[in-house]
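# Topology and contacts: notes
Listed here are the chains, written in short residue letters.
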Amino acid sequence: MYILIVKIHGHNNGKIMLLTNATLAAMDGKSTYGLVEKAAVAVEDGRIAWAGFEQDLPASLRDLESLDLEGRLVTPALIDCHTHVVHGGNRAREFEMRLEGASYEEVARAGGGIVSTVSATRTTSRADLLAGALKRVDALIAEGISTIEIKSGYGLDIETELKMLRAARDVAANRNVRIKTSYLAAHAVSAEYKGRADAYIEDVCIPGLEAAHAEGLVDAVDGFCEGIAFSPEQIARVFDRAKALGIPLKLHAEQLSNLGGTRLAASYGALSADHLEYADEDDAKAMAASGTVAVILPGAFYTLRETVAPPIDAFRRHGVAMAVATDCNPGSSPMASLLLAMNMACTLFRMTPEEALAGVTRNAARALGLDDTGMIAPGLRADLAIWDVEHPAELSYRIGFNPLFKRIFGGAL
């Protein structure tokens, strides 16, 4: 029998509660899934205080009342480390256009893509942005997610970028979920600056970053390094300012071509480089040397019907940590299911179910610069998911099925 001991804040008068008869997938990297049977975990004040075999459970904890989990699996709560859930409008018509034969780049150059969401986002109030985001966030929370990264990038002017980041912060005030924000003004060139990307960087991206940072709205700075967006040299200017402000870095890189964005991100010690379909062996080597996480986004690959897959084998060879995320956005990945992203990572890219689960727990935490979550180990946050499954591989195996039984967030059911 496995026993999980959780101090439930706001429930049961603050008593420590035992969850019994379960299996633990610690995801600590020490063994396959960190799988432990007949084990116990003690959680107090929102943290994991003790973990080990049930037979070693301290005597002071043995007589507490328990809840029988009837053999269910316990994992770290999941982490979605790349989303765009705050936005106005939708792009269903562009979905039709792509099915009619237009490429993602052709749609973007015709005034669609990222820019087409900008007008809707600019005219949507902060309250309505929050209301729309919460629908997507609720779908993620229902799959056992405790932490969500949310990007700006659909304002392309200073005030709307700030509005998006404020709405992202509002999510955490309205739901029991941890939010990390990324400033992504370098997502596309606005219509007002068409053909003047350098001026857009100087007039919008950098001043907007400084304003957002001053307001405490920025946990990381991101950019889109691509032919339809910004060159490595232009991204470097944004990164230089972010680095001077002490803000961690991330980058959309090598999604549609190889412009050297991944190596740029690695040279700056970025937390992650994301997408990476066109990354190569040298990119993998650079990421391994810098510790930059590869964030795999199968939803965009699927939606855009891409044919070039990210170099998973190269990442394995060089020991690059791989995270998996939804990329939930209104255009290229309108997906609000991290469990589906896990299945896609396995089916489309041949990641293993263990790699997929590590990608939404331990490695997703790394991609956000978090060292207090993503595993089940003493001292970490008590963010846990309890599943109606017998083995961790089932989380990646099933399609359109959510086996979540309970979620524990910061020690609270």
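Here the residue numbering is sequential within each chain, running from 1 through the sequence in written order. Local features are withheld for residues below a pLDDT of 70 in this predicted model, meaning they are given only at 70 or higher, and side-chain atom pairs are given and counted only at 80 or more; totals for whole chains, interfaces and linings count all residues. As a convention, hydrogens and water are excluded, and side-chain values are obtained from all of the structure's heavy atoms.

UniProt positions are given in the numbering used here, feature names are shortened, and annotations may be inferred rather than shown by experiment. Residues given the UniProt feature "binding site: Fe(3+)" (unreviewed entry) here are His 82, His 84, His 252 and Asp 327. For this annotated set, covering 246 residues, all C-alpha atoms fall within 12.5 Å of each other, a compact arrangement in space. Numbering goes from the N terminus for both helices and strands, where a helix is a DSSP run of H or I of at least four residues and a strand is a run of E of at least two. Here His 84 lies in the loop between β7 (78–80) and α1 (92–99). We classify His 84 as buried; its relative accessible area is 2%. In this structure, His 84 is in contact with Lys 151, Ser 152, Tyr 154, Leu 184, His 187, His 252, Asp 327, Cys 328, Asn 329 and Pro 330, ignoring residues within four places of it in sequence. Here the side chain of His 84 touches His 82 through a polar contact of 3.3 Å, side chain to side chain. Burial classes follow relative accessibility: with a 1.4 Å probe on protein chains only, a residue under 20% of its type's maximum area counts as buried, one over 50% as exposed, and anything between as partly exposed. Contacts between residues were defined by any pair of non-hydrogen atoms, one from each residue, lying within 4.5 Å. In protein, a polar contact means a hydrogen-donor-capable atom and an acceptor-capable atom, both N or O and within 3.5 Å, with residues adjacent in sequence counting only if both atoms are side-chain atoms; elsewhere, any N or O pair within 3.5 Å suffices.

This paragraph deals with the pairing of strand β13 (residues 293–296). Burial along β13 is two-sided: the face carrying Val 293 and Val 295 and the face carrying Ala 294 and Ile 296 are both buried. Two strands form a pair only when DSSP identifies at least two bridges running between them. Bridge count between strand β12 (residues 272–275) and β13: 3 bridges; the pairing is parallel. Counted as the bridge partner of Ala 273 is Ala 294 from β13.

Counting through the fold element by element, Arg 72 comes out in strand β6 (residues 66–76). Here the side chain of Arg 72 touches Asp 388 through a polar contact of 2.3 Å, side chain to side chain. Discounting chain neighbours no more than four positions away, the residues touching Arg 72 are Asn 21, Ala 22, Thr 23, Ile 386, Trp 387, Asp 388, Val 389 and Phe 405.

On to the pattern of salt bridges, then. By convention in these notes, a salt bridge is any Lys or Arg side-chain nitrogen within 4 Å of a carboxyl oxygen on Asp or Glu. Applying the stated criterion across every chain yields a total of 26 salt bridges. Residue Arg 72 pairs with Glu 70 through a salt bridge whose shortest N-O separation is 3.7 Å. Since its relative accessible area comes to 58%, Glu 70 is described here as exposed. Here Glu 149 ties to Lys 151 by a salt bridge, and the two come within 2.6 Å at their closest N and O atoms. Across this residue pair, the class does not change: Glu 149 and Lys 151 are buried. Salt bridges here are not isolated pairs; linked through shared partners, they connect Arg 47, Arg 178 and Asp 372.

What follows is about the pairing of strand β15 (residues 384–387). Neither face of β15 is left uncovered, since the one carrying Leu 384 and Ile 386 and the one carrying Ala 385 and Trp 387 both have all their residues buried. As judged from the 4 bridges shared by β15 and strand β16 (residues 404–408), these two strands associate in the antiparallel manner. Counted as the bridge partner of Ile 386 is Lys 406 from β16.

The next subject is the UniProt feature "binding site: N-formimidoyl-L-glutamate" (unreviewed entry) in the protein chain. Annotation from UniProt places "binding site: N-formimidoyl-L-glutamate" (unreviewed entry) at Tyr 154, Asn 329 and Gly 331. Annotated residues spanning 178 residues; largest pairwise C-alpha distance 11.5 Å, indicating a single compact cluster. The residue Asn 329 is located in the loop between β14 (322–324) and α12 (338–349) in this model. Those residues within four positions of Asn 329 in sequence are excluded, and the remaining contacts are His 84, His 87, Tyr 154 and Pro 334. Position of Gly 331 among the secondary structure elements: in the loop between β14 and α12. The class of Gly 331 is buried, set by a relative accessible area of 5%. Those residues in contact with Gly 331 that lie beyond four places of it in its chain are Arg 91, Arg 98 and Thr 303.

A separate point is helix α5 (residues 158–174). Spanning 17 residues, α5 covers 25 Å between terminal C-alpha atoms, matching the ideal 24 Å at 1.5 Å per step. All buried positions along α5 are accounted for by Thr 160, Glu 161, Leu 162, Lys 163, Met 164, Leu 165, Arg 166, Ala 167, Ala 168, Asp 170 and Val 171. Against the buried residues of α5 lie α3 (114–122), α4 (126–141), β8 (145–151), β9 (178–186) and α6 (197–214). Helix span, expected: 1.5 Å multiplied by one less than the number of residues in the helix.

One key point about sheets: their strands pair by backbone hydrogen bonds, in either a parallel or an antiparallel sense. Read across the sheet, 8 strands follow the order β7-β8-β9-β10-β11-β12-β13-β14 without closing on themselves; strand pairing throughout is parallel. Pairing within the sheet leaves two strands with one partner each, and these edge strands are β7 and β14. For this sheet the average axis-to-axis angle between neighbouring strands, irrespective of direction, equals 25°. Between N-to-C directions, angles cover 0 to 180 degrees, with each direction set by a line fitted to C-alpha atoms, over the stretch in contact for helices.

Moving on: unusual backbone geometry. Glycine aside, residues mostly have negative phi, and peptide bonds are mostly found in the trans state. Phi angles above zero are rare outside glycine, and Tyr 33 is one such case at about 60°. Mapping Tyr 33 onto the fold places it in the loop between β2 (16–25) and β3 (35–36). In this model, Asp 45 sits at a positive phi of 55°, which is unusual for a non-glycine residue. Relative to the elements of secondary structure, Asp 45 occurs in the loop between β4 (39–44) and β5 (47–53). Owing to a relative accessible area of 53%, Asp 45 belongs among the exposed residues under this scheme.

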